[in-house]
Structures are given as C-alpha cells and as structure tokens.
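What follows is each chain in one-letter form.
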Amino acid sequence: RKATNMSDITKAPTKKLFIKTYGCQMNVYDSDRMFDTLAAEGYAPTNAIEEADLVLLNTCHIREKAAEKVYSDLGRLKKMRLTRQAAGGDMMIGVAGCVAQAEGEEIIARAPVVDLVFGPQSYHRLPSLLAKAKTGQVVDTDFPQEDKFENLPKPSKQATIARGLTAFLTVQEGC
C-alpha cells in the first residue's frame, strides 16, 4: 500500500483567486491570510482579475469614499462576470473587511452580483462561507467570540519567503 505524504493531502491549485486590497496595512496582512486560507482549498493567486474564479474586495472603511469605490468596482466586476458566464465559466465575488462590516446586507441590495459579504472577524471561516455562497448569497458580519487568528492556517514556507523581509502583525481587527 502506498504511503500518504503531506503533498497528497494539500489540494493542488486548480482555481484562481484575485484579492484587491483597499486602504490600510492591516488589510494587506488580512489579504495575505485569506490567500493562505484559500490555498488549502485549491486556490492560487492571479494578477489577472478577468481570469479569477474568485474575486475578493478587501475593504477599508476609513479611507475617503471607501464604499463608493467598492460599488464602482462591483459594477466593473458585474460586466466581467457576465462575460465569463457567456463563455461558459463563472466568477464568484466577495466583499470583505470594514466596508462589508459597515454596509452588510446593503451591499447585496445595491449589488446583487455579490455572492459573499463578510467582516474582518470571519476570515477563518472563509472556506465554509464560500461553500454556502455556492447555493445562495451569504452575509456574515457578526463578531464571534472565537479568536480567528488561532483558527487561520499558517502560511506555507514558500508564501512567507515570497512576501519578503517585512511582515505585518495584528494589533486590531477592522477599523
């Protein structure tokens, strides 16, 4: 019988992920952690948003006109998604971060193209939220009692090296 090694357990990247990070340095850290979490689900990062199977907008509510910028980007993503669907594919769209926390259900009402809205305290549940979003729109902006950082996967050695000699540390969650 063939022994199972760790590379057999990790899903090979088959899907493409694009995260647009708005605003603060905390969001840069959170975007990296979302990449790490979704790598274990078979997602690989892409710089070509139009090729992404999943697009996440990781938002900051403090910056000037933050919500307006998100809604503007969602209008462009709607067109991209329609183009992908016409070609037989699809693209899931999520809004994360502090605009998601502040706007919540309003994002779905104003931009029905969005599949998933989740706040900064929900990143560790991203795989299960994505699974739910495949059957209908999901909004998760609660503040759970659990510590998300204890539940997030550690980045791979390659991911850590690729990020360079600097790193961000968590000092707060959200705005």
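Look a little higher up for the structure.
One structure accompanies this document, and this report is about it.

Reading guide: rules and limits
Residues numbered from 1 in each chain as written. Predicted model: local features only at pLDDT ≥ 70, side-chain atom pairs only at ≥ 80, totals over all residues. Heavy atoms only, no water. Core = buried A, V, L, I, M, F, W, Y, C linked by side-chain atoms within 4.5 Å. Buried < 20%, exposed > 50% of the residue type's maximum accessible area, 1.4 Å probe, protein only. Helix = DSSP H or I, 4+ residues; strand = E, 2+ residues; numbered from the N terminus. Contact = heavy atoms within 4.5 Å. Expected span 1.5 Å × (residues − 1). Pairing = 2+ DSSP bridges. Salt bridge = Lys/Arg side-chain N within 4 Å of Asp/Glu carboxyl O. Arc of directions from axis to C-beta.

1. Let's talk about the nonpolar core
Part 1 of the argument: Counting residues in hydrophobic clusters, the biggest one holds 23 residues, and the most contacted among them are Val-55, Leu-74, Leu-77, Ile-107 and Val-114.
Part 2 of the argument: Of all the elements in the fold, those that place two or more residues in this core are β3 (54–59), α3 (66–86), β4 (92–96), α4 (97–103) and α5 (105–110).
Part 3 of the argument: When residues of this core are assigned to their parent elements, the largest contribution, six residues, is made by α3.
Part 4 of the argument: With residues up to four places along the chain from it excluded, the contact list for Val-114 reads Leu-74, Ile-93, Val-95, Ile-107, Ile-108 and Gln-137.

2. Focus on helix α2 (residues 25–39)
Part 1 of the argument: Across its 15 residues, α2 extends 21 Å between first and last C-alpha, which sits within 8% of the 21 Å expected from 1.5 Å per residue.
Part 2 of the argument: Residues of α2 that are buried: Met-26, Asn-27, Tyr-29, Asp-30, Ser-31, Arg-33, Met-34, Asp-36, Thr-37 and Leu-38.

3. Some remarks on the pairing of strand β1 (residues 15–21)
Part 1 of the argument: One ladder, built from three bridges, connects β1 with strand β2 (residues 43–45); its direction is parallel. Following the sheet pairing, Leu-17 is matched in β2 by Pro-45.
Part 2 of the argument: Note that β1 and β3 share five bridges and pair parallel. Across the sheet, Thr-21 pairs through a bridge with Asn-58, a residue of β3.

4. Quick notes on the pattern of salt bridges
Part 1 of the argument: For the coordinates displayed, the defined rule picks out eight salt bridges.
Part 2 of the argument: We note a salt bridge from Glu-51 to Lys-16, for which the minimum N-O separation is 3.2 Å. A residue pair is termed long-range when its members are at least 10 positions apart, and Glu-51 in the loop between β2 and β3 and Lys-16 in strand β1 qualify at 35 residues.
Part 3 of the argument: Taking the relative accessible area as the measure of exposure, Glu-51 reaches 41% and is therefore partly exposed.
Part 4 of the argument: Where salt bridges share partners, they join Lys-20, Asp-73 and Arg-76 into one cluster.

5. Describing α3
Part 1 of the argument: For α3, with 21 residues, the first-to-last C-alpha span of 31 Å sits near the 30 Å given by 1.5 Å per residue.
Part 2 of the argument: Within the span of α3, buried status applies to Ala-66, Ala-67, Val-70, Tyr-71, Asp-73, Leu-74, Leu-77, Arg-81 and Arg-84. Along α3, the residues classed as buried sweep out an arc of 160 degrees about the axis, all on the same side. The outward face of α3, more than 90 degrees from its buried face, is lined by the exposed residues Glu-68, Lys-79, Thr-83 and Ala-86.
Part 3 of the argument: Looking at the buried positions of α3, the neighbouring elements they touch are β1, β3, β4, α4 and α5.
Part 4 of the argument: Following α3 by one or two positions, Gly-88 adopts a phi angle in the positive range, close to 95 degrees.

Fair warning: the whole summary comes from geometry, so function is off the table for now.
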